[in-house]
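# Remarks on the overall topology
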Amino acid sequence: MTPEELSELIHNCLAGAAKRGDIALTAEEIPAVKVERPRNREHGDWATNVAMQLAKKAQTNPRALATLLSGELETVDGISSVEVAGPGFLNIRLSAASAGQLAQTILEQGPAYGRNQSQKGAKVNLEFVSANPTGPIHIGGARWAAVGDAMARVLEAAGAQVTREYYFNDHGNQINNFSASLLAAAKGRPTPQDGYGGKYIGEVAEQVIAQVLEEGGADPRELPDEQAQEVFREKGVKAMFAEIQESLHEFRTDFDVFFHEQTLHESGAVDEAIDRLRHAGVIFESEGALWLRSTEFGDDKDRVLIKSDGNAAYFSGDVAYYLNKRNRGFDQCIYMLGADHHGYIGRMYAMARAFGDEAGPGKNMEILIGQLVNLVRGGKPVRMSKRAGTVVTLEDLVEAVGVDAARYSLIRSSVDTTLELDLDVVASNTNENPVYYVQYAHARTCAVARNAKEHGVRREDGFAPQALDSTADGELLGTLARYPEIVAQAASLREPHRVARYLEELAGAYHAWYGQCRVTPRGDSPVEASHVARLWLNDAVGQVLRNGLDLLGVQAPERM
């Protein structure tokens, strides 16, 4: 019996009592029932406080309602006992057969186990990374690449329709500075003020020159500066962005949409958005500029949309981009931004409200802020890149520890906390390295299955769930049962790190079980039902580990 099945069973008992008139509730007033694993396993397999939640509305006291429920639940096959504790808790023990049946359920569902419909109907636009196309992705962008992709996978596992979107900032001074830097490198000049340095600038400049010459064009180094810079602008930005896309793809992060900021200004989308706000009566003119009355919607000050010189302010692009997303049919627009964007939250939420939308967690607009990543090696900070100069890049991290370790390590901590990664630990093959600990658990399940086959233990010989009757079996089954709830929580709270922490818990429970329970007989002893049942349980653990690692974009190796 799964926790979901037990929750539904308790709900049906309440609905039956309501229909009979035993409690003063209607069926519609009965909420979904939540069951939890007790901290003290002596209290049972599962517990619920639903009687305490509903007693007042049901016009009874909690213990009386709990006693009514316990009487009905004890008659159900698969439940061995129900105890009313304290002011009205229900502690429920399942029979070994009922608890053990979960192993078969997991293997029957396979990759679908843990997937749910808690976010069904949500059409989500998830924007993440969106690094400027002026250099390689730095370590902060790498964190968003891993977390954002895992977020999309988790939301999809919870039934949401997700579009992964990359906002390509190709409008503004940073592009001018980038192309000027390429020109300077090509002509052997110093990096211009506000320009970009690093070995990669020279590499991109050489790539542009080679491409132009291959196409039969004039060598940009021999053109006047203004004309040459336009060549570097057109081809250099494309080359840099192609490199960014390649780096992300190799990091197992791909996007459905690459949206160009420049198109907002060329298509008239900025004017359209301002007209929409003007019709809403939230635009005013002052000092020759056009302003949004954002203070009316919670911002700390009003914001300029069109400057006094007639040029669009940067914020006007944000306004047009959000309206574009909503016009494309997305009811939830999630922005994943770096720590330096914390000041954007007030103005962005105010802008959404000005359009008549809701802003905040789970609303039409939702902003998540990620904190910095600090790398350490040998006890000393790592701050320099061989290629990019003053910043550490995604490629630097992958080169140091590999894709799996990099992704897992960046995902496993809440993004609202500063992350410190010790490269020596993350690259190690020890239990101190969380990704190794989890991947080794999966590899061990595969090794156990191979060994079982050699000893004649086969799942095809039948499954006796009642044979999973040891304390270690129960602990492992209870951990497995929590996986669907973890996936739903991770999606609802936008916290994919919950999946990683759960996998570490499952790996620990499995390693402990492995030390206490045997899947193969000793010596020449015959294969018994308990051996076969534990092979089913072993393989169920492997399936859940694979499912969870897949949500993180991390491989599940069969051998290590």
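Residues numbered from 1 in each chain as written. Predicted model: local features only at pLDDT ≥ 70, side-chain atom pairs only at ≥ 80, totals over all residues. Heavy atoms only, no water.

### Structural notes on the sheet that holds strand S8 (residues 289-292)
On the basis of which strands lie adjacent, the open sheet formed by three strands has the order S7-S8-S9 and antiparallel pairing. Looking along the sheet, the strands with just one partner apiece sit at the ends: strand S7 (283-286) and strand S9 (303-306). Strand-to-strand twist in this sheet, taken as the mean axis angle between neighbours without regard to direction, amounts to 45°. Here S8 runs beside S9; their pairing, made up of three bridges, is antiparallel. Residue pairing for S9: Leu 290 is matched across the bridge by Ile 306. (Pairing = 2+ DSSP bridges. Helix = DSSP H or I, 4+ residues; strand = E, 2+ residues; numbered from the N terminus. Axes fitted to C-alpha atoms, helices over the stretch in contact; angles between N-to-C directions.)

### Brief notes about the domain arrangement of the chain
How large an interface is tends to be reported as the accessible area lost when its parts come together. Once the domains are mapped, the chain shows domain 1 (3-94) and domain 2 (431-552). Centre-to-centre separation of domain 1 and domain 2, based on C-alpha positions: 30 Å. In this assembly, six residues from domain 1 lie in contact with seven residues from domain 2. At the boundary of domain 1 with domain 2, total buried surface from both sides reaches about 510 Å², with 50% on carbon and sulfur atoms. Applying the counting rule to domain 1 against domain 2 returns one residue pair in polar contact (both at pLDDT 80 or more). Residues belonging to the side of domain 1 that touches domain 2 are distributed by class as follows: two nonpolar, no polar and four charged. (Domains from an automatic or database assignment. Contact = heavy atoms within 4.5 Å. Buried area = accessible area lost by both parts, 1.4 Å probe. Polar contact = N/O pair within 3.5 Å; in protein donor to acceptor, adjacent residues only side chain to side chain. Nonpolar A, V, L, I, M, F, W, Y, C, P; charged D, E, K, R; others polar.)

### What to know about the pattern of salt bridges
Within the structure shown, the criterion is met by 28 salt bridges. Residue Arg 233 pairs with Glu 230 through a salt bridge whose shortest N-O separation is 3.3 Å. In this pair, Arg 233 and Glu 230 are both assigned in helix H8 (residues 225-250), three residues apart and thus about one turn of the helix distant. Here Arg 233 falls in the partly exposed class, since its relative accessible area comes to 24%. Overall, the relative accessible area of 43% leaves Glu 230 in the partly exposed class. The partner of Arg 278 in a salt bridge is Asp 275, with the nearest N and O atoms 2.8 Å apart. (Salt bridge = Lys/Arg side-chain N within 4 Å of Asp/Glu carboxyl O. Buried < 20%, exposed > 50% of the residue type's maximum accessible area, 1.4 Å probe, protein only.)

### What about the sheet that holds strand S2 (residues 79-85)?
The strand order across the open sheet formed by three strands is S1-S3-S2, and the pairing between neighbours is antiparallel. Strand pairing shows two members of the sheet lacking a second neighbour, strand S1 (46-48) and S2, which therefore form its edges. Looking at each pair of strands side by side, their axes are set apart by 20° on average, direction ignored. When S2 meets strand S3 (residues 89-94), the two strands line up antiparallel, connected through six bridges. Across the sheet, residue Ser 81 finds its bridge partner in S3, namely Arg 93. Docked against the sheet, helix H1 (residues 3-20) engages S1, S2 and S3, running at close to 40° with respect to S1.

### Some points on the UniProt feature "domain: Arginyl tRNA synthetase N-terminal" (unreviewed entry) in the chain
The UniProt feature table records "domain: Arginyl tRNA synthetase N-terminal" (unreviewed entry) at residues 4-94. Helix makes up 37% of residues 4-94 and strand 18%, and the two end C-alpha atoms of the span are 14 Å apart. (UniProt positions renumbered as here; feature names shortened; annotations may be inferred.)

### Here's the deal with the packing of aromatic side chains
If you walk through the whole model with that rule in mind, you get 19 aromatic pairs. Relative to Tyr 321, the ring of Tyr 167 lies with its centre 4.1 Å away and its plane at 15°, an arrangement referred to as stacked. Highlighted residues: Tyr 167 in strand S5 (residues 161-168) and Tyr 321 in helix H11 (residues 314-327), separated in sequence by 154 residues. Judged by relative accessible area, which is 4%, Tyr 167 ranks as buried. Residue Tyr 321 is classed as buried on the basis of its relative accessible area of 1%. (Phe/Tyr/Trp six-rings, centres within 6.5 Å; stacked < 30°, edge-to-face > 60°.)

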